[in-house]
Amino acid sequence: MAARMPPRYDLVGGRLCLDFCNTTGDRRGDAEDRLRGYPDVVGWGWRSGILNAEEAARLTRLGVRAPTEGLVVWERAIRLREALSSIFCAVAAGLRIRPEALDVLNGELAGAMARSQVVPTDSGFTWLWAEGGKALDCVLWPIARSAADLLTEGPLGAIRRCEGRACGWLFLDTSRNRTRRWCDMRICGNRAKARRHHARVKAGAA
Ligand SMILES: [Zn+2]
């Protein structure tokens, strides 16, 4: 069984943790969940750059050999995603964060921190994941840390939800005037434009 790699256009959030929240469905009509099992978690980790092809293939094999453990990681991934979506949607709307959601993030963060190491490089130091690309749940660690970094360092005021109908994807608005409204102009932006156009044509004909 091969890891299922989702399409590239899914990565529009600007941060790993926001892209992960955006795995809930497809904006083009069918609300198909991108994470339907452990192979999807691996595939997404590969697409988002957490894993390389070799690591993705190895983790997929491991998941086949240990299906129960893979299932548990998939359930944790979904739980983390629900918690992060709840947190970042609340931040985007200026609402209070649910403490239970933060508990889920902190639970995953504890595992991620336990695997974090500082190692020297040619020019200084960098983070390394102990067992990165090897442990079944290694895809979840950078996601948890990305969420913690965004919450502690911001920019919280730049977290937005797409205004596209039935979309609601999360993204970081890094536009100069903070005026980005769509997860992806080519998809949700164009659809909104087309709807406005149809409305105008209809109004003109009436
Ligand atoms: Zn959208």
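First, a word on scope: everything that follows refers to the structure included in this document. All of these numbers come straight from a predicted model, not from anything done at the bench.

Conventions adopted
Residues numbered from 1 in each chain as written. Predicted model: local features only at pLDDT ≥ 70, side-chain atom pairs only at ≥ 80, totals over all residues. Heavy atoms only, no water. Phe/Tyr/Trp six-rings, centres within 6.5 Å; stacked < 30°, edge-to-face > 60°. Helix = DSSP H or I, 4+ residues; strand = E, 2+ residues; numbered from the N terminus. Buried < 20%, exposed > 50% of the residue type's maximum accessible area, 1.4 Å probe, protein only. Axes fitted to C-alpha atoms, helices over the stretch in contact; angles between N-to-C directions. Parallel < 35°, antiparallel > 145°, perpendicular 65-115°, else oblique. Contact = heavy atoms within 4.5 Å. Nonpolar A, V, L, I, M, F, W, Y, C, P; charged D, E, K, R; others polar. Pairing = 2+ DSSP bridges. Donors = N, O, S within 2.8 Å, 3.2 Å for Na, K, Ca; no water. Tetrahedral: all angles 85-135°; square planar, octahedral: opposite > 155°, others 65-115°. Salt bridge = Lys/Arg side-chain N within 4 Å of Asp/Glu carboxyl O. Patch = residues over 30% accessible without salt bridge, like charges linked within 9 Å, V, L, I, M, F, W, Y side chains within 5 Å. Areas by Shrake-Rupley, 256 points an atom, 1.4 Å probe, with all protein chains shown as cover. Left-handed = near helix turned anticlockwise from the far one by under 90°. Core = buried A, V, L, I, M, F, W, Y, C linked by side-chain atoms within 4.5 Å.

### Re the packing of aromatic side chains
Geometrically, a pair of aromatic rings is defined through the distance of the ring centres and the angle of the planes.
Move 1: Going through the model one piece at a time under the given rule, you end up with 2 aromatic pairs.
Move 2: Ring geometry for Trp 129 against Trp 141: centres 6.0 Å apart, planes inclined by 45°, an arrangement best described as tilted. Of this pair, Trp 129 sits in strand E2 (residues 125-129) while Trp 141 sits in helix H6 (residues 140-153), and the two are 12 residues apart along the sequence.
Move 3: Classification of Trp 141 as buried rests on a relative accessible area of 1%.

### Observations regarding the packing of helix H2 (residues 38-47) against helix H3 (residues 53-65)
Move 1: Where H2 meets H3, the axes come as close as 9 Å, and the angle between the chain directions of the two elements is 170°. On the basis of their axis angle, the class for H2 and H3 is roughly antiparallel. For the pair H2 and H3, contact is made by Tyr 38, Val 42 and Trp 46 and by Ala 53, Ala 56, Leu 59, Thr 60 and Gly 63, respectively.
Move 2: Residue classes in the contact of H2 with H3 are distributed as 6 nonpolar, 2 polar and no charged.

### A look at the pairing of strand E1 (residues 116-120)
Move 1: As judged from the 5 bridges shared by E1 and E2, these two strands associate in the antiparallel manner. Bridged to Pro 120 within E2 is Phe 125.
Move 2: In this antiparallel pair of consecutive strands, E1 and E2, the connection spans 4 residues.

### A word on the coordination of the zinc ion
Move 1: Protein-derived ligands of the zinc ion are Cys 162 (SG), Cys 167 (SG), Cys 183 (SG) and Cys 188 (SG), with the metal-ligand distances lying across 2.3 Å.
Move 2: Geometry at the zinc ion is tetrahedral, judged from its 4 donor atoms and the angles of 106 to 114° they form at the metal.
Move 3: When the donor residues of the zinc ion are listed from N- to C-terminus, their spacing reads C-x4-C-x15-C-x4-C. Of this pair, Cys 167 sits in the loop between strand E3 (159-161) and strand E4 (170-172) while Cys 188 sits in helix H7 (residues 185-205); the two residues are 21 residues apart in sequence, bridging distant segments of the chain.
Move 4: A relative accessible area of 16% places Cys 167 in the buried class.

### Digging into the pattern of salt bridges
Move 1: On inspection of all chains with the given rule, the structure shows 10 salt bridges.
Move 2: For Arg 81, the salt bridge is made with Asp 33, and the minimal N-O distance between the two is 2.7 Å. Of this pair, Arg 81 sits in helix H4 (residues 67-93) while Asp 33 sits in the loop between helix H1 (16-21) and H2; the two residues are 48 residues apart in sequence, bridging distant segments of the chain.
Move 3: The partly exposed category is assigned to Asp 33, whose relative accessible area is 22%.
Move 4: Residue Arg 115 is joined to Glu 131 by a salt bridge in which the shortest nitrogen-to-oxygen separation is 3.9 Å. Linking Arg 115 in the loop between helix H5 (99-114) and E1 with Glu 131 in the loop between E2 and H6, this pair joins segments that are 16 residues apart in sequence.
Move 5: According to the relative accessible area criterion, Arg 115 is partly exposed, its value standing at 21%.
Move 6: Connected through shared salt-bridge partners, Asp 33, Arg 81 and Glu 82 make up one network.

### Section: a nonpolar patch on the surface
Move 1: A surface patch of nonpolar side chains, about 390 Å² in accessible area, is lined by Val 118, Phe 125 and Trp 127.
Move 2: Within the fold, Val 118 resides in strand E1.
Move 3: Val 118 sits in the exposed class, given a relative accessible area of 57%.

### What to know about the packing of H5 against H6
Move 1: Orientation of H5 relative to H6, taken along the N-to-C sense of each, is 120°, at an axis distance of 8 Å. Regarding the angle of H5 to H6, the classification is oblique. Note on packing geometry: the crossing formed by H5 with H6 is left-handed. Between H5 and H6, the contacting residues are Leu 102, Leu 105, Glu 108, Leu 109 and Ala 112 on the first element and Leu 140, Trp 141, Ala 144, Arg 145, Ala 147, Ala 148 and Leu 151 on the second.
Move 2: Taken together, the residues that form the contact of H5 with H6 break down as 10 nonpolar, no polar and 2 charged.

### Things to note about the nonpolar core
Move 1: Core analysis: the biggest nonpolar cluster contains 42 residues, and Phe 20, Leu 51, Leu 84, Phe 88 and Ile 143 have the highest contact counts within it.
Move 2: Every element with two or more residues in this core is listed here: H1, H2, H3, H4, H5, H6 and E4.
Move 3: Considering every element that reaches this core, the biggest residue donor is H4, with 9 residues.
Move 4: Not counting residues up to four positions away in its chain, the partners in contact with Phe 88 are Cys 17, Leu 18, Cys 21, Ala 147, Leu 150, Leu 151, Ile 159 and Leu 170.
Move 5: Membership of the second largest hydrophobic core comes to 10 residues, among which are Trp 169, Cys 183, Ile 187 and Ala 192.

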